[in-house]
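The lines below spell out each chain.
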Amino acid sequence: MFYNHVFCSLYRFYLDILKEKQLPFLFSISFLTFLETANLMFLDTVTRKFLKFDLILTKYFAVYIALIFILNLIYFKYKRRYELSLERYSKLSKKEKRTKGIITTLYVFVSFVLIFLLD
């Protein structure tokens, strides 16, 4: 599942690239929440501009961020899903890791670009 792979990529990035052993789980959840929030804000902007429909994201922005963060925590903590995802990630072949890594990198890049396209 792509969502789990993004989490695993962030987790491995935190451990391998940043060389930090503390809080990789919370870092991954926080960054994933940031990406999802950026995507939601872009969606909100598009619906306001083209469909003349307001999702009310800007009014309750902090609530949405907290809700997404909590849902991410529940999703990955439930039945220790993050450990199972990391185990599956470690069993991927180099080719699969590279392909999924490229897709994940594109997702992160596009999410950042979308931030600058807001309003």
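Residues numbered from 1 in each chain as written. Predicted model: local features only at pLDDT ≥ 70, side-chain atom pairs only at ≥ 80, totals over all residues. Heavy atoms only, no water.

**Some details on helix α5 (residues 94-116)**
Helix length check: α5 (23 residues) gives 33 Å between terminal C-alpha atoms against 33 Å at 1.5 Å per residue, within 8%. Where α5 is concerned, the buried positions are T104, V108, S111 and L114. Tucked inside the fold, the buried residues of α5 contact α1 (2-17) and α2 (24-50). (Helix = DSSP H or I, 4+ residues; strand = E, 2+ residues; numbered from the N terminus. Expected span 1.5 Å × (residues − 1). Buried < 20%, exposed > 50% of the residue type's maximum accessible area, 1.4 Å probe, protein only. Contact = heavy atoms within 4.5 Å.)

**Section: the packing of aromatic side chains**
Per the stated rule, a full pass over the model turns up 14 aromatic pairs. For the ring pair Y3 and Y75, a centre distance of 5.4 Å and an interplane angle of 65° mean the geometry is edge-to-face. Residue Y3 is found in helix α1, and its partner Y75 is found in helix α3 (residues 61-77); the two are separated by 72 residues along the sequence. Among the residues examined, Y3 registers a relative accessible area of 21% and is labelled partly exposed. Taking 4.8 Å as the distance between ring centres and 85° as the angle between the ring planes, the aromatic pair formed by Y75 and F76 counts as edge-to-face. Classification of F76 as buried rests on a relative accessible area of 0%. Through pairs of rings, three or more aromatic residues link up here, namely Y3, F7, Y11, F25, Y75, F76 and Y82. (Phe/Tyr/Trp six-rings, centres within 6.5 Å; stacked < 30°, edge-to-face > 60°.)

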